[in-house]
Structures are given as structure tokens and as C-alpha cells.
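Working through the structure, step by step
Residue strings, one per chain:
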Amino acid sequence: MTCEEAGILLHALIDGELDAGHAREVERHVATCPRCAAQLRDYRAMRQALSAPALRHPAPASLRAGIEAMLPAPLARGTASRRGVLKGFAMGGVMGGALSAALAASLVLYLGRGEEDRHILGDLVSAHLRSLQGDRLTDVQSTDQHTVKPWFNGRLDVAPPVVDLTAQGFSLIGGRLDYLDGRPVAAIVYKRRAHVINLFVAPADPQASGRAAIETRQGFNIWRGAVSHLSLWAVSDINAEELQEFGDKLEAAVKSGS
Amino acid sequence: MTVASRSEDADRARRFRDAALPHLDEVYTLARYLLRSAADADDAVQECYLRALRHFDGFRGQAVKPWLLAILRNVCRAEFARRSGSMAVGADADMAEDASPLWQDETHSAETEMLRRHDAATIRGFLAALPEPFREVVVLRDINDLTYREIAEVIGAPVGTVMSRLARARGMLREAWLKAEREQECGGEHEEQSR
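This is a predicted model, so every value here is computed, not measured.

Thresholds, definitions, all that
Residues numbered from 1 in each chain as written. Chains lettered and ligands numbered in written order. Predicted model: local features only at pLDDT ≥ 70, side-chain atom pairs only at ≥ 80, totals over all residues. Heavy atoms only, no water. Helix = DSSP H or I, 4+ residues; strand = E, 2+ residues; numbered from the N terminus. Buried < 20%, exposed > 50% of the residue type's maximum accessible area, 1.4 Å probe, protein only. Contact = heavy atoms within 4.5 Å. Areas by Shrake-Rupley, 256 points an atom, 1.4 Å probe, with all protein chains shown as cover. Lys, Arg positive; Asp, Glu negative; His and termini not counted. Salt bridge = Lys/Arg side-chain N within 4 Å of Asp/Glu carboxyl O. Polar contact = N/O pair within 3.5 Å; in protein donor to acceptor, adjacent residues only side chain to side chain. Core = buried A, V, L, I, M, F, W, Y, C linked by side-chain atoms within 4.5 Å. Expected span 1.5 Å × (residues − 1). Arc of directions from axis to C-beta. Buried area = accessible area lost by both parts, 1.4 Å probe. Nonpolar A, V, L, I, M, F, W, Y, C, P; charged D, E, K, R; others polar. Pairing = 2+ DSSP bridges. Axes fitted to C-alpha atoms, helices over the stretch in contact; angles between N-to-C directions. pLDDT = per-residue confidence, 0-100. Phe/Tyr/Trp six-rings, centres within 6.5 Å; stacked < 30°, edge-to-face > 60°.

**Here's the deal with the overall build of chain A**
Helix and strand content of chain A: 9 helices and 7 strands. The buried share among the 258 residues of chain A stands at 43%. In chain A, the share of contacts with a sequence separation of at least 24, taken over all contacts with a separation of at least 6, comes to 59%. Roughly 12700 Å² of accessible area belongs to chain A as shown, and the carbon and sulfur atoms make up 56% of that amount.

**With respect to the overall build of chain B**
When helices and strands are counted, chain B shows 10 helices and 0 strands. Helices and strands appear in chain B in the N-to-C order α-α-α-α-α-α-α-α-α-α. The buried share of chain B, reckoned over its 195 residues, is 50%. Contacts spanning at least 24 positions in sequence make up 71% of the contacts within chain B whose residues lie at least 6 apart. Accessible surface for chain B amounts to roughly 9500 Å². Of this, 51% is attributable to carbon and sulfur atoms.

**Remarks on the side chain of E150 of chain B**
All names here are of chain B. Residue position: E150 is located in helix α8 (residues 148-155). Although E150 is buried, it forms no salt bridge, and the closest oppositely charged side chain is K65 at an N-O distance of 4.8 Å. Separated by 2.9 Å, the side chain of E150 and the backbone nitrogen of T147 make a polar contact. Those residues in contact with E150, other than ones at most four positions away along the chain, are K65 and P66.

**Thoughts on the nonpolar core**
Counting residues in hydrophobic clusters, the biggest one holds 98 residues, and the most contacted among them are V45 and Y49 of chain B. Residue contacts for Y49 of chain B: discarding those within four places in its chain leaves I67 and M70 of chain A together with F16, A20, L21, H23, L24, V27 and L68 of chain B. Of all hydrophobic cores here, the second largest spans 29 residues; its members include V163, Y190, L199 and L250 of chain A.

**Describing helix α2 (residues 20-32) of chain A**
Along an α-helix, residues three or four apart share an orientation, since each turn contains 3.6 residues. Residues and elements named next belong to chain A. The first and last C-alpha atoms of α2 sit 19 Å apart over 13 residues, in line with the 18 Å expected at 1.5 Å per residue. All of the buried residues in α2 are A23, V26, H29 and V30. Down the axis, α2 shows its buried residues gathered within 125° of arc, on one side only. In α2, the exposed positions that point more than 90 degrees away from the buried face belong to A20, R24, R28, A31 and T32.

**Topic: the environment of L127 of chain B**
Of note, L127 of chain B is situated in helix α6 (residues 120-129). Judged by its relative accessible area of 0%, L127 of chain B is buried. Spatially, the C-alpha atom of L127 of chain B lies 7.9 Å from that of Y33 of chain B, the residues being 94 residues apart in sequence. Leave out the neighbours within four places in its chain, and L127 of chain B touches L50 of chain A together with Y33, R135, V138, I143 and L173 of chain B.

**Quick look at the interface of chain A and chain B**
Counting residues at the interface gives 46 residues for chain A, matched by 53 residues for chain B. Summing the contributions of chain A and of chain B, the shared interface buries around 4900 Å²; its carbon and sulfur component is 62%. A salt bridge links E68 of chain A to R17 of chain B; the nearest nitrogen and oxygen atoms lie 3.0 Å apart. For the side of chain A that touches chain B, the secondary structure elements donating two or more residues are α1 (3-14), α3 (34-50), α4 (61-70) and α7 (115-133) of chain A. When residues of the side of chain A that touches chain B are assigned to their parent elements, the largest contribution, 13 residues, is made by α3 of chain A. Its residues assigned to classes, the side of chain A that touches chain B shows 25 nonpolar, 9 polar and 12 charged.

**Observations concerning unusual backbone geometry**
All names here are of chain A. Located in the positive-phi region is R193, a residue other than glycine, with phi close to 50°. One can find R193 in the loop between β3 (183-192) and β4 (195-203). R193 gets classed as exposed once you look at its relative accessible area, which sits at 54%.

**Section: the sheet that holds β4 of chain A**
Residue and element names in this part refer to chain A. Spatially, 7 strands are ordered β1-β2-β3-β4-β7-β6-β5 in an open sheet, and the strand pairing comes out antiparallel. Of all strands in the sheet, those bounded by a partner on one side alone are β1 (140-141) and β5 (213-217). Looking at chain direction, β4 and strand β7 (residues 230-236) are connected through 7 bridges and run antiparallel. Note on β7: the bridge partner recorded for N198 is V235. In this fold helix α9 (residues 240-257) packs onto β3, β4, β5, β6 (220-227) and β7, with an angle of close to 20° to the strand it touches most, β6.

**Quick word on the confidence of the model for chain A**
Residue and element names in this part refer to chain A. Here chain A averages 79 in pLDDT, and 78% of its residues register 70 or above. When mean pLDDT is taken per element in chain A, α3 scores highest with 93 and helix α5 (residues 77-95) scores lowest with 38. Confidence over residues 75-114 falls short of pLDDT 50; this stretch has 24 contacts with residues more than four positions distant or in other chains.

**Structural notes on the side chain of N198 of chain A**
Residue and element names in this part refer to chain A. Among the secondary structure elements, N198 is positioned in strand β4. Among the polar contacts listed, one links the side chain of N198 to the side chain of H128, at a separation of 3.0 Å. At 2.8 Å, the side chain of N198 forms a polar contact with the side chain of S131.

**Looking at the confidence of the model for chain B**
With 74% of its residues at a pLDDT of 70 or more, chain B shows a mean pLDDT of 79. The lowest-confidence element of chain B is helix α5 (residues 89-99) of chain B, averaging 42 in pLDDT; the highest-confidence one is helix α7 (residues 132-143) of chain B, averaging 96.

**As for the packing of aromatic side chains**
Scanning the model with the defined rule gives 7 aromatic pairs over all chains in all. Centre to centre, the rings of F170 of chain A and F246 of chain A are 5.1 Å apart; their planes meet at 70°, and the pair counts as edge-to-face. With F170 of chain A in the loop between α8 (145-151) and β2 (171-180) and F246 of chain A in helix α9, the pair connects residues that are 76 residues apart, well separated along the chain. Each member of the pair, F170 of chain A together with F246 of chain A, is buried. Consider the rings of F16 of chain B and Y49 of chain B, whose centres lie 6.2 Å apart with planes at 80°: the pair is edge-to-face. One end of the pair, F16 of chain B, is in helix α1 (residues 3-20); the other, Y49 of chain B, is in helix α3 (residues 38-54), with 33 residues separating them in the sequence. In terms of burial, F16 of chain B and Y49 of chain B fall into one category: buried.

Structure follows, in C-alpha cells:
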């Protein structure tokens, strides 16, 4: 065996990829060749050093959560967890005063958020995920607000505000028709770096709470806002600060434009 | 959405989750070594899993890990291409492989030299200095612990290419390693000379 052959095969030897016959040949060569022997020793030491756990990069929890979140949710997760809470509450009575009080408090918190509220948040995330998975992110693809806005004419009973926020760091990609709570709504699509932001626009529900706030659901941030008679929700995996910035700039642009 | 399609979706999601999520750390590790920043790696891995989910239906019987890593690699290469407008990985690698024979790599290494341990940050520096096609085979083999066959699948090249590229990569790595040791030893002298 030549040094050239050994130079490749000794790696296969270290990696346990060599059959017994070839392994013996390499070992025989190495025994007579100090240069290759030195290499083999060094490569073994290197391989050892490279296997250190410190050189691996475990995925951050936020990334794992983000990926978990983009998968369609298992069926009836909501009902299951709710049942869990109720069961815990019932058991609280058996387990004693302090604990049941704590459980009661958590139950109140749990039920405190309106059924409607949770429903719409879940719908928003589902709609966002659907848009990312298929080839239907946009029905009308254009970075021109004057192309996207008229596209909605006649498709909806509201005229959604379509504003170009490219200068503010959010580029307009297009728009599509989507559904929230069984009603057709406008979805206007923006991008921030590689991240998609879906802005959903629906006629304002007089019952809905008007607070503008970021909420997190299944790892996605959801911003909600309102302009005149419209409810707005923006859903994205960008961080809360950036999404808030998007919301602020959007509201400012819509108000100054109208 | 009908109940049937929703439960189909949920079933598909569960299968995808079971198959793909256990490899997340390895996918992320490769992303971190191929891309410059943690934020870029995050984005690339997200995109990788999105693409994988999209194509999961067409995925049959292969091993999931190399498949995922191959997708990640494509995402990273697309990102490079977008940024620099050039990333002719294959051509570079082949040229480099032809450039100098393996067994003449270490021009100054004494046979008695023994590799010393470096800390993780230093080793990461050595890896970062390797040209991309060589860096990826070392990361796949030595850090992610893939077999040659799996690596061949990831980079879409024959096992023979994996072997020669790995040998070349480790040769470069060893050289960097030994050079760092020499510099550590006679750091003072070097400074004198450079003045």
C-alpha cells in the first residue's frame, strides 16, 4: 500500500468504515511508515477532540417551539387541557384548602379569557400556518399597494387598508382572501427578512376588546389593533418588539393615508 | 376544513413530528457551522423544517436524518447564493482536491509531533477557517456522527468523494491545529521577528 492510498484509507479505519481485510493492510503500512503513523495518531486525537459535546449546538428552545408551532395542532387540544384543569379543580377539594384555592385561581384565570378570544387566536395561527405551508401565501402577488388594494374590491364587504411599509423595513408581498371564524377576511402579506407577517383585516366586532397588545400562541406572536371600523391582527414568528413596531408603523401609515 | 381532512392533517403532523424533530439538534448544529450567525441558523432551520413538512408526503422509506440535513444544506446554499451571488461549491472542492496530493500536506510537521488539546472556541475557529465543502464533511462526520453513506446522501456525491474530501479536510484541519501549537510555543519569537 502506498502512502497516498493509506492517506485516505486511514480515515476510513478511524471511522470504522473499513472491512477487516483493508484495515489489516492499512495497519501493516502504518507499522512501517512513521509519517502515516504520525498522521493516524493525530487524526485519532483530532477526532476525539471533535467529539466534545461543547462543539455541538443544541437547538434553542425558542426554535424548537417555533417549529412545533408551525405543525398543525393535534385535534381537540383545547378541550383536553380544559378537562385537565377541571379535573384538577375537582381534586382540589379532596387535597385541602390552600391547594384548591390556588387551583380555583388558575381556573378563574383560565376561564377569564373569553372563549371567543381564544377561538379567534387559534384561527389566526391556523390561517397563518396554512398560508406558509401551501403555495397559497398570496392570491395577488405584488409589492405595489395600488395593485394589491383594488384586488380585494368586490371580494369583501370592506376595503382593507393596504400600505407599503418597505421604507420601514417591512416589504409588501401581496394579499389573499382568507377565512377567520368562517367569515372571509383580507390577508395582507408582508416580509421582514425571511419572516412572513400575515395581516388579517376584518370588520370590527363591536363586542371585541380594543386593546392593542402582543399575545403569544403556539410560539407565534399576534398583534392586534384597530383602525376606524376595522379589526387588525398581525401574526408572525418575528419577535414581539419587531411585531409591535410593525403594528405601530402600520397604524400610523393607515391613519395618515386615510 | 372538514373533520376528516383535519384529522388527516393532525395525523400527518404527528408522523412528521416523530420523524423529524429528534434530529433538530443535528440540523441546527450543521446550520451553525455553515452560516455566520445564530440568527441566520435559526432562520435556515425553520425554513428547512417548513420545506421538509411540505415534501413529507413524497418522502418514503429513506432515512430521515440525511434527508433533513440535505434540505438544510440546500437552504444554506441558497442563502449564500443570494448574498454573494456565487457559491460554486462543487467546482471549488474538486479543484482543491486536485491541487495537492494528500500525503504532502504537512510541509513542516515533524513525525514526533503530537496534537494537543485546544478549547472548543479554538477548534470552532479552525473549522470556520475551512472552505465550506470541507467544513461540512467534517461537521457531518465528526460532530454529527454520520456514516460515509449518510454523508454521501446529504451532499449528493459518491462515497468515494466523501472519503477523499474528508481526508483532505482533516489534513487541512491538522495543519491548522499544528500551526496553532507552534505559534503558541514560540509566540514570543514570532513577535520579535515580525517587528
